[in-house]
Amino acid sequence: MDNKQDVLPQDQSCDILLTGGAVLTMDAEAKIFEPGAVAIKGDRVFAVGEAAQLNHLSAKRVIDCSNSAIIPGFVSAHDHLFQNAARGLGEGVDFRVWLPDFMMPLAASMTRDEVRAAVTMAAVEQARSGTTAVLDHHYAGTDVETTAAVADAVESVGLRGAIGQGMGREQPYPKKEQLAIAAAAIDSRPAGSKVAIWPTPGDIIYNDQDFVVSAVELARSKNVGWHTHCSQYKTDPDVYLAEHGIRPVVWLGEAGLLGPDAHIAHMIFLNDAEVALTGESKTGVAYCPVSHGVFGLGTIRLKDLVNAGASIGLGYDGAVAGFRNDMFEQIKLAVIIQRLETMDPTESGPQQALEFATRGGAEFLGIDAGVLRPGMLADITIISLEGVHMTPRPAPIQAVAFSAMSTDVKVTIVGGEIIFEEGSCTKVDEENVMEEAQGRANDLIKRLNLPVHINPSR
Ligand SMILES: [Zn+2]
């Protein structure tokens, strides 16, 4: 293949031509074209190469990307978009107090309109941060209509992804009914929908083994992925061991539940055997560095998981856990907290963190994106490389991974559709979304009458 471009298009026309910037393809060779160009036709990437070789293409729209980076859109590999309603509450509270005393009651009491408002607000913030796809674990209102409303809200902003149908001991329905609801929720999105629904047993540690097996069997029978949390808190493996006589990830392996269709958040407290099982099976791991730091949870064994073969994505884990839906913060901290743990700056770096946020996340979510190559989905982010924090400008990878922030995102494109540009989301009225999100969050918090240690004052 020609080193200077990925394709010589026979067809001379495209819909959108992004030209003049540094094109970070995020492919396996870490190819960069500068100045480069990306041509989009329909919902796919049509051509990628040096700008001089693609500028002859006739395009319905040309976007000048000078002094910018063009990269695959970010993927949030683990989220709770509804938690946007509670941003700022419960700061500094231990996770195993925060979850039962605050988040579970809040989730159980949210109305569908409150959920819709919070999810739409979170999706707007993520689109503004260059995020193009999200895997959301939804457990605030787990009837089919509310889960479908979450999927609709995400789609209304223009993002793609999957919504996890919350399932588990804490849900108000018996296990059999939960499985039936999950089946109906999955079926409510036609095959090929931009936003799918997956079964999501809440946490391996706190769910019955037979129920987790049934949820995974449901996912496999419907040909969708499944999502869960595992080994997030320091006592989780011991709690599981005491109840089941086996470590949680060892059980997942023995039960045949690991694999590329398993998408598991956190996985912090793994022993060597569990790391090996996760890697060999190509299981997806969602690394949520900001959440891990905010809650003081711990540091995942990143190098070991990567070397073992696990597929790694980065997740926001909800705005309560990180205050901001800012993927640049996740990317930078993904590296920094590893270096604090290992005291070695050579083991992880900006290229790898950007790969997690793009190619890794797309692989994790099972979507045909994350790399700028002809034929891939045109999920693309354009990031300004100008400004005081970019002067003098570092090399493009370091500039995007370490210098850039959400406010540097100029354009976000999902499936060839521009969903954010010139400072605003294009598919929703941001002012209305913000006003409703604030009003409904105020109603919710007032109604909940939260304990003082959660700090309900806004
Ligand atoms: Zn989570």
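Each chain carries its own residue numbering, running from 1 in the direction its sequence is written. Where local features are concerned, this predicted model is filtered to residues with pLDDT of at least 70; where side-chain atom pairs are given and counted, the filter is 80 or more; whole-chain, interface and lining totals use all residues. As a convention, hydrogens and water are excluded, and side-chain values are obtained from all of the structure's heavy atoms.

Quick look at the overall build of the chain now. The way it works is that DSSP assigns letters per residue, a run of H or I at least four long becomes a helix, a run of E at least two long becomes a strand, and they are numbered from the N terminus. A count of helices and strands for the chain gives 16 helices and 17 strands. By the compact-globule yardstick of 23 Å for 458 residues, the chain fits well, its C-alpha radius of gyration being 21 Å. Each principal axis of the C-alpha atoms in the chain carries an extent, and together these give about 65 × 50 × 45 Å. Per-residue accessibility, obtained with a 1.4 Å probe over protein chains only, is compared with the maximum for each type, and a residue is labelled buried under 20%, exposed over 50%, and partly exposed between these values. Burial statistics for the chain: of 458 residues in total, 59% are counted as buried. We take the radius of gyration over the C-alpha atoms and set the globule estimate at 2.2 Å times the residue count to the 0.38 power.

Most of strand β10 (residues 226-230) sits inside the fold, with five of its five residues counted as buried. Neither face of β10 is open: one carries Trp226, Thr228 and Cys230, the other His227 and His229, and all of them are buried.

Another aspect to go through is helix α2 (residues 95-109). What a helix should span is 1.5 Å times the count of its residues minus one. Under the 1.5 Å per step criterion, the end-to-end length of α2 is 20 Å for 15 residues, consistent within 8% with the ideal 21 Å. We define the bend at each residue as the angle formed by axes fitted to the 7 residues ending at it and the 7 residues starting at it. The largest bend along α2 reaches roughly 35 degrees and is located at Met103, with the proline Pro105 sitting one to four residues downstream. Considered for burial, the residues of α2 that qualify are Phe95, Trp98, Leu99, Phe102, Met103, Leu106 and Ala107. Where the residues of α2 are buried, they touch α12 (319-322) and α16 (430-448). By definition, residues are in contact when any of their heavy atoms lie within 4.5 Å.

Moving on: the pattern of salt bridges. Put simply, a salt bridge is a Lys or Arg side-chain nitrogen that is within 4 Å of an Asp or Glu carboxyl oxygen. Under the defined criterion, the tally for this structure stands at 33 salt bridges. A salt bridge links Asp368 to Arg44, with the nearest nitrogen and oxygen atoms 2.8 Å apart. Remark: Arg44 occurs in strand β3 (residues 44-50) and Asp368 occurs in the loop between α14 (350-365) and β14 (380-384); sequence separation between them is 324 residues. On the basis of relative accessible area, Asp368 is assigned to the partly exposed category, the value being 38%. The class for Arg44 is partly exposed, based on a relative accessible area of 29%. One network of salt bridges, in which partners are shared, links Arg169, Lys175, Asp208, Asp210 and Glu243.

Attention shifts here to helix α15 (residues 396-403). Every buried residue of α15 is accounted for by Pro396, Ile397, Ala399, Val400 and Ala401. Contacts made by the buried residues of α15 are with β1 (13-24), β2 (32-41), β5 (68-72), α13 (327-342), α14 and β14.

This part covers the domain arrangement of the chain. Per the annotation, domain bounds derive from an automatic or database assignment of domains. As assigned here, the chain comprises domain 1 (13-72 + 370-425) and domain 2 (74-365). Here the C-alpha centroids of domain 1 and domain 2 sit 28 Å apart. Contact residues are listed per partner, giving 33 residues for domain 1 and 27 residues for domain 2. Accessible surface is computed with a 1.4 Å probe, and the buried area is the amount of it that two parts give up when combined, taken over both parts together. Buried surface at the junction of domain 1 and domain 2, summed over both partners, amounts to about 2300 Å²; 65% is from carbon and sulfur atoms. On the domain 1 side of the interface with domain 2, the three residues burying the most area are Met26, Phe402 and Ser406, jointly 25% of the side's total. With a shortest N-O distance of 2.6 Å, Asp379 and Arg160 are connected by a salt bridge.

Within the protein, the atoms that donate to the zinc ion are His78 (NE2), His80 (NE2), His229 (NE2) and Asp317 (OD), at distances of 2.0 to 2.3 Å. Given four donor atoms and angles of 85 to 169 degrees at the metal, the environment of the zinc ion is assigned as irregular. Coordination partners: N, O, S within 2.8 Å of the metal, 3.2 Å for Na, K and Ca; water not considered, so apparent gaps in a site are possible. For the zinc ion, the donor residues sit on a single chain with the sequence spacing H-x1-H-x148-H-x87-D. Residue His78 is located in strand β6 (residues 74-79), and its partner Asp317 is located in the loop between β13 (311-314) and α12; the two are separated by 239 residues in the primary sequence. Neither His78 nor Asp317 differs from the other in exposure class; each is buried. Donor angles set the geometry label: tetrahedral for four donors if every angle is between 85 and 135 degrees, square planar for four and octahedral for six if opposite donors exceed 155 degrees and the others are between 65 and 115, irregular for anything else.

Moving on to the packing of aromatic side chains. The relative placement of two aromatic rings is captured by the distance of their centres and the angle of their planes. Paired rings are identified among Phe, Tyr and Trp, the last through its six-membered ring, by centres lying within 6.5 Å, and are further divided according to the angle between planes into stacked (under 30 degrees), edge-to-face (over 60) and tilted (the rest). For the structure on display, the rule yields eight aromatic pairs. Arranged with centres 5.7 Å apart and planes meeting at 25 degrees, the rings of Phe95 and Trp98 form a pair that is stacked. Residue Phe95 and its partner Trp98 are located together in helix α2, separated by three residues, close to a single helical turn. Using a relative accessible area of 5% as the deciding quantity, one classes Phe95 as buried.

What follows covers the environment of His453. Locating His453 in the fold gives a position in the segment after α16. Residues His453 and Gly92, spaced 361 residues apart in sequence, show a C-alpha to C-alpha distance of 9.2 Å. In this view, His453 contacts Val93, Val97 and Asp101; residues no more than four positions away in its chain are not counted.

Cis geometry is adopted by the peptide bond preceding Pro35, which originates at Glu34 and carries an omega value of 0 degrees. Following the sequence through the fold, Pro35 ends up in strand β2. Cis rather than trans, the peptide bond between Thr391 and Pro392 has omega equal to 0 degrees. By the element assignment, Pro392 lies in the loop between β14 and α15. Non-glycine residue Ser231 carries a positive phi angle of around 50 degrees.

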